[in-house]
Amino acid sequence: MDIAAPTEQFFSAETREALAEASRRLAERLQAHTEALLAMTGDEEHTALYDQNAALEELVESWNDAVFEHTGTAPLLLEDSTDDEDDEEVEQDHVISVVSRFDLRVVDLDALLEAGRAAQERHPAELEEGEKEPVGSAEQAIYEISREVGEAWFELPGIEMVAGARAYVVPEYPFEPLDADAEDVVTELIAPNGVATHAETWASLYE
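Small disclaimer: the values here were computed from a predicted structure and weren't measured.

Cut-offs used in this document
- Residues numbered from 1 in each chain as written.
- Predicted model: local features only at pLDDT ≥ 70, side-chain atom pairs only at ≥ 80, totals over all residues.
- Heavy atoms only, no water.
- Phe/Tyr/Trp six-rings, centres within 6.5 Å; stacked < 30°, edge-to-face > 60°.
- Helix = DSSP H or I, 4+ residues; strand = E, 2+ residues; numbered from the N terminus.
- Buried < 20%, exposed > 50% of the residue type's maximum accessible area, 1.4 Å probe, protein only.
- Core = buried A, V, L, I, M, F, W, Y, C linked by side-chain atoms within 4.5 Å.
- Contact = heavy atoms within 4.5 Å.
- Patch = residues over 30% accessible without salt bridge, like charges linked within 9 Å, V, L, I, M, F, W, Y side chains within 5 Å.
- Areas by Shrake-Rupley, 256 points an atom, 1.4 Å probe, with all protein chains shown as cover.
- Salt bridge = Lys/Arg side-chain N within 4 Å of Asp/Glu carboxyl O.
- Lys, Arg positive; Asp, Glu negative; His and termini not counted.
- Charge placed at Lys NZ, Arg CZ, Asp CG, Glu CD.

Visitor: I'm lost on the packing of aromatic side chains in this one. Help?
Guide: What describes a pair of aromatic rings is the distance from one ring centre to the other and the angle between the planes of the rings. According to the stated counting rule, one finds three aromatic pairs in the structure shown. Ring geometry for Phe102 versus Trp153: centroids 5.2 Å apart, planes at 25°, classification stacked. Here Phe102 is found in strand E3 (residues 97-106), whereas its partner Trp153 is found in the loop between helix H5 (138-149) and strand E4 (159-171), with 51 residues between them in sequence. For Phe102, a relative accessible area of 15% translates into the label buried. Look at Phe102 and Trp202: their rings are 5.4 Å apart centre to centre, the planes differ by 35°, and that puts the pair in the tilted class.

Here it is, written out as structure tokens:
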């Protein structure tokens, strides 16, 4: 399918002469290109073939441009290498992935549950009336406290830190961002491919 320019006056003497010259040069180059390819046996350096292809490609583009200048249509749908280069130069979003893990030991479950229940009362979850889930496990107590104060791994009542680690990763593009709506969130808690710029680790003093 031809690419057509907006309606203008083409077919001038200058564009006619330019198209004739572009066609002559392309025909000569195409013949030379064909002869060079037929003479090849496969033992030549690949650079020789690349040079032949590049020379022909340049003249094809020039001929295509000359046809457009003369008629307002482009017979060949050629890829625009300039656009490709511009796309590569577009700055990627600056994304940092922070991945962490903390292993905790429960040493006083009653104290932990009490703190979890108090946190839930101060900051109840956005649930329908009557759906408040009783704090009956260490996991939920830690969840309720974290909802209120953030990552309080070192200050949780009734808890000792076994070990912890956090890494800051600059992902390599293209990369799959974390899917917050994934059915299995655990599978999302891994560091993406990229460069770890900083890392922190903690270990229990009681080990």
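Next, the rest of the story.
Visitor: Where do I start with the nonpolar core in this structure?
Guide: Within soluble globular proteins, side chains that are nonpolar tend to cluster in buried spots. Among the nonpolar cores identified, the biggest contains 15 residues, and Leu112, Ala141, Ile142, Ile145, Trp153, Leu156 and Ile159 are the most heavily contacted of them. Excluding residues that lie within four positions of it along the chain, Ile142 makes contacts with Leu104, Leu112, Trp153, Leu156 and Ile159.

Visitor: What exactly am I supposed to notice about a negative patch on the surface here?
Guide: On the surface, a cluster of negative charge is contributed by Glu57, Glu58, Glu61, Asp65 and Glu69. Here Glu58 lies in helix H2 (residues 46-71).

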